[in-house]
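Coordinates in review
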Amino acid sequence: MSSPSQQQQTEFVVEEFYKKREKIQPRKVKGLFAKLRILGVALLLGLYYFLPWINLNGSQAVLLDLPARKFHFFGITFWPQDFFYLAVLLIIAALALFFFTTLAGRLWCGYACPQTVWTEVFMWIEHYVEGDRPQRLKLDKAPMTARKFRIRGTKHAIWVTFSLWTGFTFVGFFTPIRELGFSLADFSLGPWEWFWILFYSFATYGNAGWMREQVCTYMCPYARFQSAMFDKDTLIISYDTERGEPRGKRKRKLDYKSAGLGSCVDCTMCVQVCPTGIDIRDGLQYQCIGCAACIDVCDDVMERMGYEKGLIRYTTENTLEGKQTHILRPRMILYALVLTGMIIGLGVSIATRIPLELNIIRDRNALYREASNGLVENIYTLKVINMDEQSHHYSLDISGIQGLEVIGLKDEEIQSGEVKEMIISIRVDPIELKSTSTELLFHIEAVDNPDIQQDQKARFLGPLVN
Amino acid sequence: MNSAVDPKSYETVGRCQTVAAILWPSFLVAGIANSMFWVMVDPHDFGLIAGISELSRIGAYSVGFLLSWAATALSSFVTIRFCKPCNQLNQKSAQ
């Protein structure tokens, strides 16, 4: 037997988890933050859809050429060996996320997250085809008729087309997009290209069309730990309970203060515009993605009522408690410093990057070989990668053991982007060996540009004779 | 509860959330792991070692990703199974 309170709790839990998700039909909103979001959408999706089409010197400016293992970015070519830069870039992105979250909450979610940005476009389409919230709610309830079928069909057709274009663009970042377009047109597209175009299209259609706020609530890792970055000075979207309560409907002319009412007219507009379906008046909630639609709509209502704006606004916990807010606080300064430092570091490091790579692999089959004239021989495979935009001749200098002889080294021009493999053997008089394993220093340098140079170490194995 | 026990009450989260919890984190981790692997290994070299001569790079990346996703999803699936409290398993078998 469980106690009544336990029973109640179970009941609550079951209800909470099994209440079928009600489709959220947010009302369209106008205002400052809606404009900012439109700007974000235009900028980010503009970049996404047009970047692959930009050509630089006859080749695609941004191309993550996976088949060739080269990553072109506006004239700079990165290689898998440059993975370090990507790691630093990701750390910078994470730090920037911390910085902005601490400053003003979920700015990322509200204006820049792909989920938000694509959902926004899908909602525009929905709004255009099906009408605003009241019409959509009516349509949801209506039985399936030819008219409803036509409207729904149109919406999904536009969604699917848009998704396919999105999937095509996505693959266009990895395979030259013009060639991709041609192979699509003459049906010669490879199976993997097809797979990834359809996969990404399906993900877009599913996430932006169907899943929407559920992605943020159930799938977003950031949403789960964002609260750890908040403090009492973080700007968050809040309802001013002090000013708003007690809420209630009233006539416009009424002197509500003497009638014992707060500023909230309980029009529920803030709930109707919320894309995650929460009531901001219940306080800060995990589901809130910081889109500020409630601020826009509430300001509008306040204006019409002739009240002061800002019943729902960006504010801090400290301000709401009547204390002072500190935007410049140690945490912010620290994040800003580290962030700036890393950005400068990355910039300098890319600017001074040496476009040459030397890999040395010692032949693993034999420790060493005795050559006919009493010399000891080790075999090495050299891999020289010219990551520069021009071709070069290189000179190789090997040191570490007195009087070593290099056999098989050829002076060859290495083209831009070429990987040249050379097998060389090094012969040494065993008398010169102080140990069974000696370090060799390989120094490679472009003949026409001494700034392009690399040093690598390798080991020479041999017998000890003295 | 007075009414019949909800047959699903032994589950802790909804089906949609369960599917997302299995497929989504595993997707992210598989993506990272797969990229890291192919950064270090050129599919061309891998094909030589594994004796698959017709391995295209895009194919290798894609198959690698799908295999890693399958492996990480399996791990997430087992985690979800193990997350169920034992008494809830008993409730299930009692029905």
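Residues numbered from 1 in each chain as written. Chains lettered and ligands numbered in written order. Predicted model: local features only at pLDDT ≥ 70, side-chain atom pairs only at ≥ 80, totals over all residues. Heavy atoms only, no water.

1. Observations regarding the overall build of chain A
Put simply, the test is: Only runs of H or I of at least four residues qualify as helices and only runs of E of at least two qualify as strands under DSSP, and these elements are numbered from the N terminus. To get the radius of gyration, use the C-alpha atoms; to get the globule rule, take the number of residues to the power 0.38 and multiply by 2.2 Å. A 1.4 Å probe rolled over the protein chains alone gives each residue an accessible area, and that area as a share of the maximum for its type sets the label: buried under 20%, exposed over 50%, partly exposed in between. Two residues qualify as a contact provided that any one of their heavy atoms is within 4.5 Å of a heavy atom in the partner residue.
Within chain A, the secondary structure is distributed over 16 helices and 16 strands. For 466 residues, the compact-globule estimate of 2.2 N^0.38 gives 23 Å, and the C-alpha radius of gyration of chain A, at 32 Å, exceeds that figure by more than 25%. With the C-alpha coordinates aligned to their principal axes, the bounding extent of chain A is approximately 110 × 60 × 60 Å. A burial count over chain A gives 43% of its 466 residues as buried. Taking contacts inside chain A between residues at least 6 apart in sequence as the whole, the part at least 24 apart equals 69%.

2. Quick look at the overall build of chain B
Worth spelling out the cut-off: Working definition of accessibility: Shrake-Rupley area with a 1.4 Å probe, residue cover restricted to the visible protein chains.
Tallying secondary structure elements over chain B gives four helices and zero strands in all. For chain B, the succession of helices and strands along the chain, N to C, is α-α-α-α. Burial analysis of chain B (95 residues in total) assigns 32% to the buried set. Partitioning the contacts of chain B with sequence separation of at least 6, the portion at a separation of at least 24 is 76%. Here chain B displays about 6100 Å² of accessible surface, and carbon together with sulfur accounts for 69% of that area.

3. A look at the packing of helix α7 (residues 146-172) of chain A against helix α9 (residues 191-211) of chain A
Residue and element names in this part refer to chain A. What counts here: For helices, the fitted axis covers only the stretch in contact; all axes are lines through C-alpha atoms, and the angles between them, taken along N-to-C directions, range from 0 to 180 degrees. When describing relative orientation, an angle under 35 degrees is termed roughly parallel and one over 145 degrees roughly antiparallel, while 65 to 115 degrees is termed roughly perpendicular and anything else oblique. Two helices crossing with the near one rotated counterclockwise from the far one by less than a right angle form a left-handed crossing, whereas a clockwise rotation gives a right-handed crossing. In this classification, Asp, Glu, Lys and Arg are treated as charged, Ala, Val, Leu, Ile, Met, Phe, Trp, Tyr, Cys and Pro as nonpolar, and every other residue, Gly included, as polar.
Axis separation between α7 and α9 bottoms out at 7 Å; the angle between their running directions is 135 degrees. By the angle class used here, α7 and α9 are oblique. In terms of crossing hand, the pair formed by α7 and α9 is right-handed. Contacts from H156, W159, V160, S163, L164, T166, G167, F168, F170 and V171 of α7 reach α9 at E193, W196, I197, L198, Y200, S201, T204, Y205, G209 and W210. Of the residues belonging to the contact of α7 with α9, the class tally is twelve nonpolar, seven polar and one charged.

4. What about the packing of aromatic side chains?
All names here are of chain A. Threshold: Only rings of Phe, Tyr and Trp enter the pairing, Trp through its six-membered ring, and a pair is recorded when the two centres are within 6.5 Å. The plane angle decides the type: under 30 degrees is stacked, over 60 is edge-to-face, the rest tilted.
For the structure shown, the criterion picks out 36 aromatic pairs over all chains. Judged by centre distance (4.4 Å) and plane angle (25 degrees), the ring pair of Y49 and W165 falls under stacked. Residue Y49 is found in helix α2 (residues 32-50), and its partner W165 is found in helix α7; the two are separated by 116 residues along the sequence. Their ring planes at 85 degrees and their centres at 5.7 Å tell us that W192 and F195 sit as a pair that is edge-to-face. Within this pair, W192 and its partner F195 are both found in helix α9, separated by three residues, close to a single helical turn. On the basis of relative accessibility, which here comes to 23%, the residue W192 falls in the partly exposed class. One aromatic cluster is present, built from ring pairs that chain together Y48, Y49, W118, F122, W159, F162, W165, F170, F173, F174, Y200 and Y205.

5. Some words on the environment of N34 of chain B
All names here are of chain B. The topology assignment puts N34 in helix α1 (residues 15-40). N34 sits in the buried class, given a relative accessible area of 11%. C-alpha separation for the pair N34 and W69, spaced 35 residues apart in sequence, amounts to 8.9 Å. The residues touching N34, leaving out its near neighbours within four places in the chain, are Y61, G64, F65 and S68.

6. Digging into the domain arrangement of chain A
All names here are of chain A. Heads up, the condition is: Annotation comment: domain bounds sourced from an automatic or database domain assignment. Here the quantity called buried area is the total loss of accessible area, with a 1.4 Å probe, experienced by two parts when brought into contact, counted for both.
Along its sequence, chain A is organised into domain 1 (20-353) and domain 2 (356-461). Its C-alpha centre places domain 1 at a distance of 53 Å from the equivalent point of domain 2. In this complex, domain 1 contributes seven residues to the contact, which on the side of domain 2 involves eight residues. Buried surface at the junction of domain 1 and domain 2, both sides included, amounts to about 530 Å², of which 56% is carbon and sulfur.

7. Here we look at unusual backbone geometry
Residue and element names in this part refer to chain A. Of the consecutive residues E245 and P246, the connecting peptide bond is found in the cis state with omega at -10 degrees. Here N57, not a glycine, exhibits a phi torsion of approximately 50 degrees, which is positive. Relative to the assigned elements, N57 resides in the loop between β1 (55-56) and β2 (59-60). Here N57 falls in the exposed class, since its relative accessible area comes to 78%. Even without being glycine, F74 reaches a positive phi, approximately 45 degrees. Note on placement: F74 falls in the loop between β4 (70-73) and β5 (76-78).

8. So, the nonpolar core
Most often, soluble globular proteins have nonpolar side chains that are buried together. Residues and elements named next belong to chain A. Stated precisely, the cut-off is as follows: To define a nonpolar core, start from buried Ala, Val, Leu, Ile, Met, Phe, Trp, Tyr and Cys residues and group those joined through side-chain atoms within 4.5 Å.
Among the nonpolar cores identified, the biggest contains 24 residues, and Y380, L382, I426, L440, F442 and F460 are the most heavily contacted of them. Put simply, the parts of the chain that give this core at least two residues each are β8 (356-362), β10 (376-386), β11 (392-399), β14 (419-428), β15 (437-446) and β16 (449-461). The contacts of F442, once residues within four sequence positions are left out, are L358, I360, L382, L396, D397, I398, I424, I426, Q454, D455, Q456 and A458. Formed by 19 residues, the second largest nonpolar core is a distinct cluster that contains F33, I237, I280 and M305.

9. Concerning the sheet that holds β4 of chain A
All names here are of chain A. Under the convention used in this document: At least two bridges found by DSSP between two strands are what make those strands a pair.
Taken together, the three strands give an open sheet; going across it, the order is β3-β4-β5, and neighbouring strands pair in antiparallel fashion. Looking at strand neighbours, the two that pair on one side only are β3 (62-65) and β5, the edges of this open sheet. Pairwise comparison of adjacent strand axes, ignoring direction, gives a mean angle of 15 degrees for this sheet.

10. Details of the pairing of β10 of chain A
Residues and elements named next belong to chain A. Across the eleven residues that make up β10, a large majority, nine, are buried. Across seven bridges, β8 lies against β10 in antiparallel orientation. If you follow I360 over to β10, its bridge partner there is L382. Where strand β9 (residues 369-370) and β10 come together, two bridges link them in antiparallel fashion. When the bridges of β10 are listed, R369 appears paired with E377. Linking β9 to β10, which pair antiparallel, is a turn of five residues; within it G374 sits at a positive phi near 85 degrees.

11. Considerations on the pattern of salt bridges
Residue and element names in this part refer to chain A. Selection criterion: When a carboxyl oxygen of Asp or Glu lies within 4 Å of a side-chain nitrogen of Lys or Arg, that pair is called a salt bridge.
Per the stated rule, a full pass over the model turns up 24 salt bridges over all chains. Of the charged contacts in the structure, one is a salt bridge between E245 and R247, with a shortest N-O distance of 3.0 Å. Assessed through its relative accessible area of 28%, E245 is described here as partly exposed. The closest approach of N and O atoms between D266 and R281, which form a salt bridge, is 2.8 Å.

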